[in-house]
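Chains, contacts and geometry: an overview
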Number of protein chains: 2
Amino acid sequence: MIPKINLENKLKELDKPWSPIEIARVNEYVIRMALFEGEYHWHKHTNEDELFYVYRGSIVIQLRDQPDIILHEGEMAVVPKGIEHCPRALESSYVLMFEPAVLKSKGD
Amino acid sequence: MIPKINLENKLKELDKPWSPIEIARVNEYVIRMALFEGEYHWHKHTNEDELFYVYRGSIVIQLRDQPDIILHEGEMAVVPKGIEHCPRALESSYVLMFEPAVLKSKGD
């Protein structure tokens, strides 16, 4: 039987910031959800783009040498491979990330 | 400059049912959004899983020989490769699909 995934229920599993849980696998990709609070750290993914989708809240993805991306609920952006970035929560936020399963969401 | 994508704005580009528009690319994957109205047709993707995420509305993904999946707003499910399925809208619905860019959303 194919399970369905309810994002509202998944929120309840998240209590620690910056600790993504796996939501679903699609081929060799994974959708993760994380609670964003405060600031993460500067990092990049050498070979892989990363998608951020704000399910609840507001975040800013800080970038080097180009404008920050401010994302509110219902907004998404793709950080291309090789671009150094540092996510920061503007409030407690729940964010979906779509990325290859080989990434551990740690960055380089 | 990295563009941000606002799903609420994307809805306005969709007027024809079952005609997905591209929302974002992540490596060799694509996120598409489509308006679901009425019923699609039975099909399968031989080599690729497909994710459905209901952004607005309610749909049912009919399956052969196993229970249908009913998805309301904020719910998602992954139809594994090789599984014949037929999406049907329970009301006018906006659905995100995540799948390899090589798929044209046509199925076999």
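In short, a report on the structure. Quick caveat, the model's predicted, so the values are computed rather than measured. (Residues numbered from 1 in each chain as written. Chains lettered and ligands numbered in written order. Predicted model: local features only at pLDDT ≥ 70, side-chain atom pairs only at ≥ 80, totals over all residues. Heavy atoms only, no water.)

The operation relating chain B to chain A is a screw motion whose rotation component is 180°, with 0.0 Å of axial translation and a residual RMSD of 0.0 Å. Considering both components of the superposition, the chain copies are consistent with a two-fold axis. Take the interface residues of chain B: 100% of them recur as interface residues in chain A, which is what a same-surface contact looks like. (Least-squares fit on C-alpha atoms with pLDDT ≥ 70 in both. Contact = heavy atoms within 4.5 Å.)

All names here are of chain A. Sheet architecture is open: three strands sit in the order E6-E5-E8, paired in antiparallel fashion. Two strands bound the open sheet, and with one partner strand each, they are strand E6 (69-72) and strand E8 (85-89). Between one strand axis and the next, the sheet turns through 20° on average, direction left out of account. In this sheet, E6 lies alongside strand E5 (residues 58-63) in antiparallel orientation, the contact comprising four bridges. Looking across to E6, one finds that Ile61 is bridged to Ile69. (Pairing = 2+ DSSP bridges. Helix = DSSP H or I, 4+ residues; strand = E, 2+ residues; numbered from the N terminus. Axes fitted to C-alpha atoms, helices over the stretch in contact; angles between N-to-C directions.)

Taken together, the contact between chain B and chain A spans 40 residues of the former and 40 residues of the latter. Looking at the side of chain B facing chain A, the largest losses of area belong to Ile2, Asn27 and Met76 of chain B, adding up to 23% of the total buried there. The interface formed by chain B and chain A includes two salt bridges. When the shortest N-O distance is used, the salt bridge between Lys4 of chain A and Glu75 of chain B registers 3.0 Å. Applying the counting criterion to the chain B and chain A interface returns 18 residue pairs in polar contact (both at pLDDT 80 or more). Mapped onto the side of chain B that touches chain A, the elements with two or more residues apiece are strand E1 (5-6), strand E2 (21-26), strand E3 (29-36), strand E4 (50-56), strand E6 (69-72), strand E7 (75-79) and strand E9 (93-100) of chain B. For the side of chain B that touches chain A, the leading source of residues is E7 of chain B, giving five residues. Of the residues assigned to the side of chain B that touches chain A, the class counts are 26 nonpolar, six polar and eight charged. As paired strands, strand E7 (residues 75-79) of chain A and E1 of chain B are joined by two bridges and run antiparallel to one another. The partner of Met76 of chain A across the bridge, within E1 of chain B, is Ile5 of chain B. (Buried area = accessible area lost by both parts, 1.4 Å probe. Salt bridge = Lys/Arg side-chain N within 4 Å of Asp/Glu carboxyl O. Polar contact = N/O pair within 3.5 Å; in protein donor to acceptor, adjacent residues only side chain to side chain. Nonpolar A, V, L, I, M, F, W, Y, C, P; charged D, E, K, R; others polar.)

If you look at the biggest cluster of nonpolar residues, it comprises 40 residues, and the most contacted ones within it are Ile23 and Met76 of chain A together with Ile23 and Met76 of chain B. Beyond its immediate stretch of four places on either side in the chain, Met76 of chain A contacts Leu51, Phe52, Tyr53 and Leu71 of chain A together with Pro3, Lys4, Ile5, Leu7, Ile23, Ala24, Ile31 and Leu96 of chain B. Membership of the second largest hydrophobic core comes to 17 residues, among which are Ala34, Ile69, Val79 and Val95 of chain B. (Core = buried A, V, L, I, M, F, W, Y, C linked by side-chain atoms within 4.5 Å. Buried < 20%, exposed > 50% of the residue type's maximum accessible area, 1.4 Å probe, protein only.)

Residues and elements named next belong to chain B. With phi around 60°, Trp18 is a residue other than glycine that occupies positive phi space. Along the chain, Trp18 turns up in the loop between helix H1 (7-11) and E2. Of note in this structure, Asn27 is not a glycine but carries a positive phi near 55°. Mapping Asn27 onto the fold places it in the loop between E2 and E3.

Residue and element names in this part refer to chain A. On inspection of all chains with the given rule, the structure shows 16 salt bridges over all chains. Here Glu84 and Arg64 are joined by a salt bridge, their closest N and O atoms 3.0 Å apart. With Glu84 in the loop between E7 and E8 and Arg64 in the loop between E5 and E6, the pair connects residues that are 20 residues apart, well separated along the chain. Put simply, Glu8, Arg56 and Glu73 are held in one network by salt bridges that share partners.

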